[in-house]
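# Coordinate analysis (summary)
Each chain, written out:
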Amino acid sequence: MNRAGKAGAAVLAVAALVAVLAPLLVPADALDVTRVTDAPWRPPGAGHWLGTDHAGRSVALLVLQGTGTSLFVGLTAAVLSVGIGTLVGVLSGHFGGLAAGALLRVTDFFLVLPSLVLAIALSTVLPRGLGTIVLAIGLTSWPSTARMVRAQTLTIEARPFVERARALGGGHTHVIGRHVLPSVVPLVLVNATLAVASSIVAESTLAFLGLGDPTRISWGALLHQAQLHGAVPQRAWWFLLPPGVAIVVVVLAFTLVGRALEAVVTPRR
Amino acid sequence: MRVKLCVLLAVATTLGLAAPAATAQAPVILKVAIVQQIDSLNPFLAVFQSSTEINKLMYDYLTAYSADDQAVVEGLARRWEASPDKLTWTFTVPDGKKWSDGEPITAHDVAFTYNLMLTDEAARTANGSFVANFESVTAPDDRTVVIRTKAPQVTMLALDVPIVPRHVWEQVGSVKDYANDRMPVVGSGPFVLTEHVPGQFIKLRANEGYWRGAPKYDELHFVYFQNSDAAVQALAKGEIDLVNRMAPAQFDSLEGKAGVTRNQAQGRRFTELLINPGARTRTGEPIGDGHPALRDVRVRRAIAQAIDLDALVDRVNHGYAEKGAGLVPPVFAKWHWRPEPGQERPFDPDAANAALDAAGHPRGADGTRFSLRLTGRAGRAYDEQAAEHLKRSMSDIGIALDVRLVSDNQLNEATTAATYDLAFSGWATSVDPDFILGLHTCAQRPGADGKGGTTDAYFCDETYDRLYAQQLSEFDEGRRRDLVRQMQARFYDQVPAVVLAYDNALEAYRSDHFARFTTQPAHGGVIMAQNGVWGYYQAEPAEVTAARPRGWGGFAAAGAAMAAVLVAIVAYALRRRATAGERE
């Protein structure tokens, strides 16, 4: 694993630690708009080293609190998306024929739809909440995984050892479970890591547009609030920059780790 | 030599492009930011504040309210008198007023409008309360309108009903389906609607033949913005000239900005929290899916008691509001009501908890009694922030809140179909309290098909309706004031909605482009959302500004200089290459 990958992994470890420890780091009442007493729009300084927001809450604590939501949504959405993608990819690659045709047409349908628009539509129609966001992202981002996994499945199934397994009487479950899946898993893992990065960006986009769970703090939701409550006319860069930087750093970390893993699993020719 | 010629050419071209902009007589346009969508441009259907504001620019009412003190002044009618029994009112529409297409405005247009509302239920959607008590409306000649009422009605000089041209609306088949978008739309107001691109802009041009005199500028544009933040930015940059309904943070940010003047006015709007009291249609059919617990007035009172109104004004309105009480804002001091010390419902979560226990809603194992939906508008700063406050306040009394922030139209749908438990709402009030009081009578609930009503609170109370009927026929102002205050006390006591705050109207305009706006009332009044359109109509453009063309001139000069440098560099590079080629 290369140096960049290690750096990414380190950043992710820190982010995960922050997400887990956030409930301990952030005092219970510090982010409750009805309980805070500080003045709104205080620039960074003593006491609040990242300033305060429109309601007088500490931006630093808000960003810490948002880590958990952003990572959770990113991870679950990626798992959902890669899960669907793998299932569809393996099944269509393995069975072929009519079933594959049908599955592929569905994949194509989702592939050509602009996924952001579809996600916006879904999160508008479904009730607001984390689950909806996860679903909206997961349901719109799986087609590329499906295509990739299908291609891998086809190359695996063309190899002699799979043919031999079939000849010896191995059924569908045996071939998929013992031969195909183990060979696509590395690819799927790499894909999942990269999918987390794009899922976090997607979550931030939806939350920024005001489609997220309005009562939960995530980085995108912070940007939404900053924009809504006038951080721009207030020139309150300290409310806009930290959540934005947090998104960039974590997304970059996931991408670095993903690329590093890709280099590991892809055999050099 | 050739190089020099190129440079000269470049300079000439750039200046030539800039020159006409500086000299041509461009129309003077007042550009106003608009954030709320338009529900309809049909004056019989339009309910949204944005739509009624534009309808007011297009159509005059029978009477108007003066800019100084909101006294009743001439509208389409110049004179009026009531019979001794106050049942027959005679209005005189003077000769000489014209529709924007040149047709004369006559008493027949007025009679046509009111009769349309009397005969067609759809035409009563927006302003039905004004004609509910009408017996008949006739026009014996071109100049005279005679209105007979079933009972004496005090609001006869405050009929906020846009009068439409008969010769246009006679051909309209179904009022309910008519969009009123045949441009230019024939009207009687100071401006004529010429173009409407939904979600982008609404253009009106000055009505040169307006009977009060043409406005002092040429065009009035309403430009849509996705959010008020963008609108405020556009104002700061000088792209638009007038913004209202700013958030406190935005208002503060414009402090001391050159060329911008701010206007903090006592508004005539209030923000309320609707509590679905078990919505029913006019015929008594249950409608919507409000939580059954809210039908109990004790529960509604407990919810109201658990809301810290002072904290909301202080933290959410940032002090740019006054604490809510009755339905009429304090700007109309005559009708405004505040609870007496005995009637007051002070903020007291403990008492609210006790009341909910007594009402038979014990806390469950997780400390929750029941859960309610709170519907608000996504993208409205107040709703998003106040929702967080309410969520906390309600959890203090064991009610879990499911906050749902939705689009404008979805919110409207939820309130008209009564598919809410708690919802944010708000109304603009008129000089005469009749409209806002009438909104909460049983008759304002929707018909059997779920359409036709204006209320969103679904209040229906015998005492309230009786008081409403009494005040409507009470011509003694002192006694009427007393009745109006009793009604507000009844509303406060029954809590179909909690009036949260009377918002200050926060407005700002480009004083370098428009020098003066008329406010209503004259002191501490508003420019937009008036009882009338004086703000738009009497806006005075600043002296033809040298500032803007000079700005362009600066750009042109800079552009010319840059072009010159670029040409010089390219020419130099070409020469270098040429000589290099020769050298080889």
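Fair warning: this is a prediction, and the values are worked out from it, not measured in the lab.

### Describing the overall build of chain A
When you go through chain A residue by residue, the secondary structure sums to ten helices and zero strands. Each helix and strand of chain A, placed in order from N terminus to C terminus, yields the pattern α-α-α-α-α-α-α-α-α-α. Expressed as lengths along the three principal axes of its C-alpha atoms, the size of chain A is roughly 75 × 45 × 30 Å. Per-residue burial for chain A yields a buried fraction of 45% across its 269 residues. Restricting the contact set of chain A to residue pairs at least 6 apart, pairs at least 24 apart contribute 71%.

### A closer look at the overall build of chain B
In terms of regular secondary structure, chain B is built from 17 helices and 19 strands. Structurally, chain B occupies a C-alpha span of about 105 × 75 × 45 Å along its principal axes. Looking at the 584 residues of chain B, the share that counts as buried comes to 47%. Across chain B, the fraction of contacts at a sequence separation of at least 24, relative to all contacts at a separation of at least 6, is 69%.

### Considering the pairing of strand 6 (residues 134-138) of chain B
All names here are of chain B. The pairing of strand 6 with strand 7 (residues 144-149) spans four bridges and is classified as antiparallel. Across the sheet, the residue bridging to Val137 is Ile147, located in strand 7. The hairpin turn running from strand 6 into strand 7, its antiparallel successor, is five residues long.

### Describing the UniProt feature "domain: Solute-binding protein family" (unreviewed entry) in chain B
Under the feature "domain: Solute-binding protein family" (unreviewed entry), the UniProt entry names residues 72-434 of chain B. From the first C-alpha to the last, residues 72-434 of chain B spans 15 Å; its make-up is 25% helix and 24% strand.

### Re the domain arrangement of chain B
Residues and elements named next belong to chain B. What the domain assignment lists for chain B is domain 1 (2-25 + 553-583), domain 2 (29-241 + 513-543) and domain 3 (269-504). On the side of domain 3, 19 residues touch domain 2, which itself brings 24 residues to the contact. Taken together, the residues of the side of domain 2 that touches domain 3 break down into nine nonpolar, twelve polar and three charged.

### Points about the packing of helix 14 (residues 462-472) of chain B against helix 15 (residues 477-494) of chain B
All names here are of chain B. Packing of helix 14 against helix 15 brings their axes to within 9 Å, and their N-to-C directions diverge by 160°. One element, helix 14, and the other, helix 15, form an angle in the roughly antiparallel class. For the pair helix 14 and helix 15, the sense of crossing is left-handed. Contacts between helix 14 and helix 15 involve Thr463, Tyr464, Leu467, Tyr468, Gln470 and Gln471 on the former and, on the latter, Arg480, Leu483, Val484, Gln486, Met487, Arg490 and Phe491.

### Some remarks on the interface of chain A and chain B
Across the contact, 16 residues belong to chain A and 23 residues belong to chain B. The class makeup of the residues in the side of chain A that touches chain B is six nonpolar, eight polar and two charged.

### Description of helix 6 (residues 143-157) of chain A
All names here are of chain A. Taking 1.5 Å per residue, 15 residues should reach 21 Å; helix 6 reaches 21 Å between its end C-alpha atoms and fits that length. Within the span of helix 6, buried status applies to Pro143, Thr145, Ala146, Val149, Arg150, Gln152, Thr153 and Ile156. On the buried face of helix 6, the contacting elements are helix 2 (59-95), helix 3 (97-112), helix 7 (160-167) and helix 8 (172-208).

### Thoughts on the environment of Asp85 of chain B
Residue and element names in this part refer to chain B. Within the secondary structure, Asp85 sits in the loop between strand 4 (79-82) and strand 5 (88-92). With 7 C-beta atoms packed within 10 Å, Asp85 lands in the exposed category. C-alpha separation for the pair Asp85 and Pro152, spaced 67 residues apart in sequence, amounts to 7.6 Å.

### Notes on the environment of Val26 of chain A
Residue and element names in this part refer to chain A. Counting through the fold element by element, Val26 comes out in the loop between helix 1 (3-25) and helix 2. For Val26, a count of 17 C-beta atoms within 10 Å translates into the label partly exposed. Separated by 35 residues in sequence, Val26 and Leu61 place their C-alpha atoms 6.2 Å apart.

### Focus on the confidence of the model for chain B
Residue and element names in this part refer to chain B. Scored by pLDDT, chain B has a mean of 86; 90% of the residues are at 70 or more. Across residues 1-23, where pLDDT falls below 50, the model places 27 contacts with residues more than four positions away in sequence or in other chains. Ignoring residues within four places in sequence, the model shows residues 546-551, a span with pLDDT below 50, making three contacts including any to other chains. Reported confidence for the predicted complex is 0.77 by ipTM and 0.71 by pTM.

### Quick word on the sheet that holds strand 5 of chain B
Residues and elements named next belong to chain B. Reading across the sheet, the four strands line up as 4-5-7-6 and stay open at both edges, with antiparallel pairing between neighbours. Looking at strand neighbours, the two that pair on one side only are strand 4 and strand 6, the edges of this open sheet. Adjacent strand axes in the sheet meet at a mean angle of 15° when their direction is disregarded. Taken strand by strand, helix 3 (residues 107-119) contacts strand 6 and strand 7, and its axis lies near 150° from that of strand 6.

### Thoughts on the UniProt feature "transmembrane region" (unreviewed entry) in chain A
Residues and elements named next belong to chain A. Taking the UniProt record as the reference, the feature "transmembrane region" (unreviewed entry) is found at residues 71-91, 103-123, 129-149, 184-209 and 236-261. In the segment residues 103-123, helix accounts for 90% and strand for 0%; the C-alpha atoms at its two ends are 24 Å apart. For residues 129-149, the end-to-end C-alpha separation is 31 Å, with 86% helix and 0% strand making up the annotated structure.

### Here's the deal with the nonpolar core
One finds Val110, Val145, Leu242, Val243, Ile275 and Val498 of chain B to be the most contacted residues of the largest nonpolar core, which totals 156 residues. Two domains each provide a minimum of three residues to this core, namely domain 2 (29-241 + 513-543) and domain 3 (269-504) of chain B. Sequence-distant contacts of Val110 of chain B, defined by excluding residues within four places in its chain, comprise Leu62, Leu76, Val93, Ala139, Val145 and Ile163 of chain B. Formed by 59 residues, the second largest nonpolar core is a distinct cluster that contains Leu194, Ile247, Phe254 and Leu261 of chain A.

### Describing the pairing of strand 15 (residues 399-406) of chain B
As a general feature of sheets, a regular strand has side chains that alternate between the two faces. Residue and element names in this part refer to chain B. By the bridge criterion, eight bridges tie strand 14 (residues 370-377) to strand 15 in an arrangement that is parallel. Note on strand 15: the bridge partner recorded for Phe370 is Ile399. For the crossover that starts at strand 14, traverses helix 11 (residues 381-396) and ends in the parallel strand 15, the hand is right-handed.

Cut-offs and rules
- Residues numbered from 1 in each chain as written.
- Chains lettered and ligands numbered in written order.
- Predicted model: local features only at pLDDT ≥ 70, side-chain atom pairs only at ≥ 80, totals over all residues.
- Helix = DSSP H or I, 4+ residues; strand = E, 2+ residues; numbered from the N terminus.
- Buried ≥ 20, exposed ≤ 12 C-beta atoms within 10 Å, placed from the backbone.
- Contact = placed C-beta atoms within 7 Å.
- Pairing = 2+ DSSP bridges.
- UniProt positions renumbered as here; feature names shortened; annotations may be inferred.
- Domains from an automatic or database assignment.
- Nonpolar A, V, L, I, M, F, W, Y, C, P; charged D, E, K, R; others polar.
- Axes fitted to C-alpha atoms, helices over the stretch in contact; angles between N-to-C directions.
- Parallel < 35°, antiparallel > 145°, perpendicular 65-115°, else oblique.
- Left-handed = near helix turned anticlockwise from the far one by under 90°.
- Expected span 1.5 Å × (residues − 1).
- pLDDT = per-residue confidence, 0-100.
- Core = buried A, V, L, I, M, F, W, Y, C linked by C-beta atoms within 7 Å.
- Right-handed = clockwise from strand over helix to strand, strands pointing away.

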